[in-house]
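# Examining the three-dimensional arrangement
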Amino acid sequence: MTTVTHLECSVCGKRREAAKVHNLCECSGPLLVLYDLEQAKATWSRDTLTKGPSSMWRYAPVLPVRDQASIISLGEGMTPMLETRRLGARLGARDLWVKDEGLNPTGSFKARGLSCAVSMCVELGIHKVAIPSAGNAASALAAYAAAAGIEAHIFMPRDVPQSNYIECKAFGAHVTLVDGLISDCGRMVAERKDVEGWFDISTLKEPYRIEGKKTMGYEVAEQLDWTLPDAIFYPAGGGVGLIGMWKAFGEMEALGWISNKRPKMIAVQTEGCQPVVRAFERGESKSEFWENAHTVAAGLRVPKPLGDALMLDAIRKSGGTAIAVSDEELLDGSLELGADEGIFAAPEGGACVAALRKLLASGFLKPEERIVLYNTGAGLKYLEAFSTRFPRATSSEQDKLGGLITPR
Ligand SMILES: *Cc1c(COP(=O)(O)O)cnc(C)c1O
Ligand SMILES: [Zn+2]
């Protein structure tokens with residue numbers, strides 16, 4: 001089982017005990033989980049792990065849960081790694097792959113983080129959790145809380161995709177719609193949690209979601225036969241997936257599973273909310289709050305990511321970059337993945353296609369490089385956004401224009 005040793009603040013380095021309830025460090029730095037990788041190496045290998053479950057829990061020795069009975073799994077992880085058939089050729093990328101996270105429970109990679117975090121709640125005896133969410137994290141928390149039999153309190157912007165709202169209700173969560181952004185939702189959770197006795201399960205404010213998300217990094221290596229690609233495109237909101245993968249690469253190197261070669265980590269944001277792109281371009285180590293954040297890619301509407309410093313550090317160390325695309329470009333990207341590959345990608349995944357086109361055009365990437373795009377969610381969750389491209393006829397006149405035929 002787990003080889004967890006302790007937790008450590010990513011800012012001041014202060015150590016804490018594992019198997020305890022934790023939020024941020026008192027210096028307000030996010031905490032990271034550390035493992036005894038020598039012990040893991042002695043008892044576990046790239047070969048033996050394939051005998052584990054066909055889910056992210058095959059990596060249990062580098063996940064924080066101690067007692068297997070605490071694990072709340074709905075089959076998250078081990079998502080397909082698909083070699084593109086047409087998209088790469090059309091864009092001029094000869095070795096292009098898509099990691100399709102849309103196939104996770106509740107249709108996004110958020111399932112990984114919340115499977116891990118909710119399992120830790122079970123292990124630590126937490127019965128009530130609260131989350132501010134731009135959408136998919138709420139759906140995933142609601143599902144895993146239902147499976148665990150714990151109470152979920154969800155705060156989300158009132159304009160989240162309808163799918164997220166309905167999923168949360170269907171999973172029996174307590175939902176509050178907020179006339180504001182995820183940052184406003186976060187403040188509401190912070191204000192109420194002590195009185196209500198909620199554990200705040202916000203991104204990086206608890207240390208275990210990132211551990212679940214990092215399994216995307218283990219899987220990319222396993223599925224590419226223990227090599228890493230030359231570049232990874234990741235649609236970054238809070239950036240936890242990117243930070244998590246970076247952590248996973250370091251762990252795998254310590255386990256002796258991969259070399260010290262790292263992919264260029266490319267964070268993709270949108271023109272309407274690009275705090276990390278701006279900070280990257282200005283050479284700063286932290287981002288600034290992005291005013292009036294707006295984009296149809298709900299998961300990317302994070303005006304001030306808590307993990308900005310960690311994300312910027314990983315991007316720079318990897319020789320990667322950060323780039324923004326417009327909402328029109330990212331919807332086009334999703335539809336290209338759809339028509340070329342049969343993958344109905346979330347707008348966030350479509351953003352990676354648009355960013356790839358730009359970085360091939362600029363010469364930042366070469367046609368022969370091995371590139372993996374992360375499609376972080378299912379397009380089916382964003383029907384309102386895609387309806388702008390495919391409006392359905394209402395009057396009978398428009399029905400004819402839209403191709404409606406009356407059977408005789
Ligand atoms: C949350 C979310 C993101 C951003 O994830 P981070 O790891 O926090 O940057 C991207 N895509 C989708 C579909 C999401 O739900
Ligand atoms: Zn600290």
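The preceding data block contains the structure.
Keep in mind it's a predicted model, so treat the numbers as computed, not measured.

So, how was this worked out
- Residues numbered from 1 in each chain as written.
- Chains lettered and ligands numbered in written order.
- Predicted model: local features only at pLDDT ≥ 70, side-chain atom pairs only at ≥ 80, totals over all residues.
- Heavy atoms only, no water.
- Buried < 20%, exposed > 50% of the residue type's maximum accessible area, 1.4 Å probe, protein only.
- Helix = DSSP H or I, 4+ residues; strand = E, 2+ residues; numbered from the N terminus.
- Pairing = 2+ DSSP bridges.
- Right-handed = clockwise from strand over helix to strand, strands pointing away.
- Core = buried A, V, L, I, M, F, W, Y, C linked by side-chain atoms within 4.5 Å.
- Contact = heavy atoms within 4.5 Å.

## Looking at the pairing of strand 7 (residues 151-157)
Extensive coverage of strand 7 is indicated by the burial of six of its seven residues. Relative to strand 7, strand 6 (residues 128-132) runs parallel, the two sharing five bridges. Residue pairing across strands places proline 132 opposite phenylalanine 155, the latter belonging to strand 7. With helix 4 (residues 136-148) bridging strand 6 and its parallel neighbour strand 7, the resulting β-α-β unit is right-handed. When strand 7 meets strand 8 (residues 174-178), the two strands line up parallel, connected through five bridges. Across the sheet, residue isoleucine 154 finds its bridge partner in strand 8, namely valine 175. Chirality of the crossover, the property in question, places the unit of strand 7, helix 5 (residues 162-170) and strand 8 among those that are right-handed.

## Structural notes on the nonpolar core
Formed by 89 residues in total, the largest nonpolar core has its most connected members in Leu114, Val129, Leu141, Ile154 and Phe249. Per-element tally for this core: the top contributor is helix 8 (residues 240-254), with eight residues. With sequence-adjacent residues up to four places away left out, valine 129 is seen in contact with Cys121, Leu141, Ile150, Glu151, Ala152, His153, Trp198, Phe199 and Ile201. Counting residues in hydrophobic clusters, the runner-up holds 34 residues, among them Cys352, Val353, Ala355 and Phe386.

Any functional reading would require information that these geometric values do not contain.
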